[in-house]
Amino acid sequence: MLDSGVGGLTVVKEVMRQLPQEQIIYFGDTARSPYGPRSSDEVRLFTRQIVDYLIQFQPKMIVIACNTATAVALEEIRAYVPVPVVGVIYPGARAALSATKTGYIGVIGTDGTIRSGAYELALKRLSPHVEAVSKACPTFAPLVEKGLFQSSEALGVVRESLEPLRSLPLDTLILGCTHYPFLTDAIQLVMGPDVQLINSAEETAREISTILHDKGELAHSLDTPVHQFFCSGDPEMFQKIARAWLGEQICAVPVVWRMSQIL
Ligand code: DGL
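Now for a quick tour of the structure. Residue indices begin from 1 for each chain and proceed along its sequence in written order. Two thresholds apply to this predicted model, a pLDDT of at least 70 for residue-level local features and 80 or more for giving and counting side-chain atom pairs, whereas whole-chain, interface and lining totals are computed over all residues. Water and hydrogen atoms play no part in the side-chain values, which are based on all heavy atoms of the structure.

## Considerations on unusual backbone geometry
For step 1, the next point in the chain: Cis geometry marks the peptide bond from serine 33 to proline 34, where omega comes out at 0 degrees.
For step 2, the next point in the chain: Tracing the backbone through its elements, the reader meets proline 34 in the loop between β2 (25-28) and α2 (40-54).
For step 3, the next point in the chain: Despite not being glycine, glutamine 58 shows a phi value in the positive range, around 50 degrees.
For step 4, the next point in the chain: Here a strand is any run of E in DSSP of at least two residues, a helix any run of H or I of at least four, and the numbering for each starts at the N terminus. Tracing the backbone shows glutamine 58 in the loop between α2 and β3 (62-63).

## Side note on the sheet that holds strand β7 (residues 172-175)
For step 1, the next point in the chain: Strand order in the open sheet formed by 4 strands is β6-β5-β7-β8, and the pairing between neighbours is parallel. What marks the edges here is a single partner per strand, and that holds for β6 (131-136) and β8 (196-199). Neighbour to neighbour, the strand axes of the sheet diverge by 25 degrees on average, direction disregarded.
For step 2, the next point in the chain: By the convention used here, residues are in contact when the closest approach between their heavy atoms is within 4.5 Å. Simply put, an axis is a line fit to the C-alpha atoms, just over the touching stretch for a helix, and the angle between two N-to-C directions goes from 0 to 180 degrees. Strands in contact with helix α9 (residues 184-191) are β5 (104-109), β7 and β8; relative to β7, the strand with the most contacts, it is inclined by about 155 degrees. Between any two strands, at least two bridges found by DSSP are needed for them to pair.

## Considerations on the pattern of salt bridges
For step 1, the next point in the chain: By salt bridge we mean one thing: a side-chain nitrogen of Lys or Arg within 4 Å of a carboxyl oxygen of Asp or Glu. Counted under the stated rule, the structure contains 14 salt bridges.
For step 2, the next point in the chain: In this structure, glutamate 22 engages lysine 60 in a salt bridge whose closest nitrogen and oxygen atoms are separated by 2.6 Å. Of this pair, glutamate 22 sits in the loop between α1 (9-18) and β2 while lysine 60 sits in the loop between α2 and β3, and the two are 38 residues apart along the sequence.
For step 3, the next point in the chain: Each residue gets one of three labels from its accessible area relative to the maximum for its type: buried under 20%, exposed over 50%, partly exposed in between, using a 1.4 Å probe on protein chains only. For glutamate 22, a relative accessible area of 7% puts it in the buried group.
For step 4, the next point in the chain: Given the relative accessible area of 31%, lysine 60 is considered partly exposed.
For step 5, the next point in the chain: Among the salt bridges present, the one from glutamate 75 reaches arginine 78, with a minimum N-O distance of 3.4 Å. Placement of both glutamate 75 and arginine 78 in helix α3 (residues 67-80) is noted, with a separation of 3 residues, approximately one turn of the helix.
For step 6, the next point in the chain: Judged by its relative accessible area of 37%, arginine 78 is partly exposed.

## Let's talk about the site of the ligand
For step 1, the next point in the chain: If a single non-hydrogen atom of a residue is within 4 Å of a molecule or strand, that residue counts as near it. Around the ligand lies a shell of 13 residues, among which Ser4, Tyr35, Asn67, Thr68 and His179 are the nearest.
For step 2, the next point in the chain: Polar contacts here mean pairs of N or O atoms no more than 3.5 Å apart (in protein, one a potential hydrogen donor and the other a potential acceptor; neighbouring residues in sequence count only if both atoms are side-chain atoms). Contacts to the ligand include glycine 36, whose backbone N or O atom sits 2.8 Å from an oxygen atom.
For step 3, the next point in the chain: A distance of 2.6 Å separates an oxygen atom of the ligand from a polar atom in the side chain of threonine 68.

## Some remarks on the environment of serine 151
For step 1, the next point in the chain: Of note, serine 151 is situated in the loop between α7 (140-145) and α8 (152-166).
For step 2, the next point in the chain: Serine 151 sits 35 residues away from alanine 186 along the chain, and the two C-alpha atoms are 9.5 Å apart.

## Things to note about the sheet that holds strand β1 (residues 2-3)
For step 1, the next point in the chain: Strand order in this open sheet of 4 strands is β1-β2-β9-β10, and the pairing throughout is parallel. The open sheet has two free edges, formed respectively by β1 and β10 (252-254), since each of these has just one partner strand.
For step 2, the next point in the chain: As defined by bridge partners, strand β9 (residues 228-231) adjoins β10 across 3 bridges and the pair is classed as parallel. By the bridge assignment, phenylalanine 229 is partnered in β10 with alanine 252.

## Topic: the pairing of β9
For step 1, the next point in the chain: As judged from the 4 bridges shared by β2 and β9, these two strands associate in the parallel manner. Bridge pairing links tyrosine 26 to phenylalanine 229 in β9.

## Quick look at helix α10 (residues 201-214)
One full turn of an α-helix is made of 3.6 residues, so residues set three or four places apart face in the same direction.
For step 1, the next point in the chain: Across its 14 residues, α10 extends 20 Å between first and last C-alpha, which sits within 8% of the 20 Å expected from 1.5 Å per residue.
For step 2, the next point in the chain: Among the residues of α10, Ala201, Glu203, Thr204, Ala205, Glu207, Ile208 and Leu212 are the ones counted as buried.
For step 3, the next point in the chain: Of the surrounding elements, those touching the buried residues of α10 are α1, β3, β4 (85-86), α4 (89-99) and β8.
For step 4, the next point in the chain: After α10 finishes, the residue glycine 216 shows a positive phi value of roughly 65 degrees. Residue count minus one, scaled by 1.5 Å, sets the expected span of a helix.

Now the structure itself:
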């Protein structure tokens with residue numbers, strides 16, 4: 001599983017819950033995070049570099065637990081590796097469609113994800129009658145990477161960014177960035193109790209489960225799997241956030257990109 005940083009841990013947590021026997025190898029590209037403001041070419045290149053790193057572990061599948069990378073690199077990575085590749089955008093869109101009653105759905109994400117129009121496309125393909133309105137929230141992921149997701153600063157940032165959506169009659173809001181579930185309390189407070197927040201983790205974990213089941217590859221061992229976490233930036237900060245979020249004493253192994261790999 002991969003992400004630009006700690007965001008994909010929101011998917012990790014749900015996979016651990018639904019599929020407790022599966023071993024997870026996670027890569028957070030914290031040295032190059034955030035991906036949101038980067039060009040599609042950069043995000044595609046970084047995603048490919050991480051997949052090259054992960055493939056040495058011979059995974060059963062790759063999960064791009066990052067919306068920004070899913071939006072621009074999913075198809076390319078599918079063609080590149082010999083194992084199934086799961087992204088987070090279609091699962092998020094499916095979850096939103098089953099939650100909405102009015103068909104009026106909001107999407108928040110990084111600049112890259114919103115610019116790509118990937119959620120609108122997925123929603124329209126799945127259900128042509130829904131209406132989607134989207135808004136980039138570029139300040140959210142950096143706040144989470146700094147470990148400030150429960151601060152009063154976070155609430156202020158969320159309030160300011162979501163202000164334009166508050167007057168719209170949305171009944172469902174897609175958290176179209178895997179970092180945003182860290183800010184669920186603040187986002188719910190600002191949007192009010194009538195707006196359902198959609199986090200793609202649950203549906204993504206279900207998709208992973210279905211694929212592994214259909215391929216006869218679900219893990220059956222009764223031993224507790226030993227997960228591995230790698231990050232390209234400060235392992236202390238990664239560990240601090242991962243331990244708080246997962247409630248487990250995980251250790252993060254630092255991976256240093258060669259100079260030629262860093263942009
Ligand atoms: N967690 C990521 C996403 O789902 C990327 C956040 C970022 O690096 O800007 O889009």
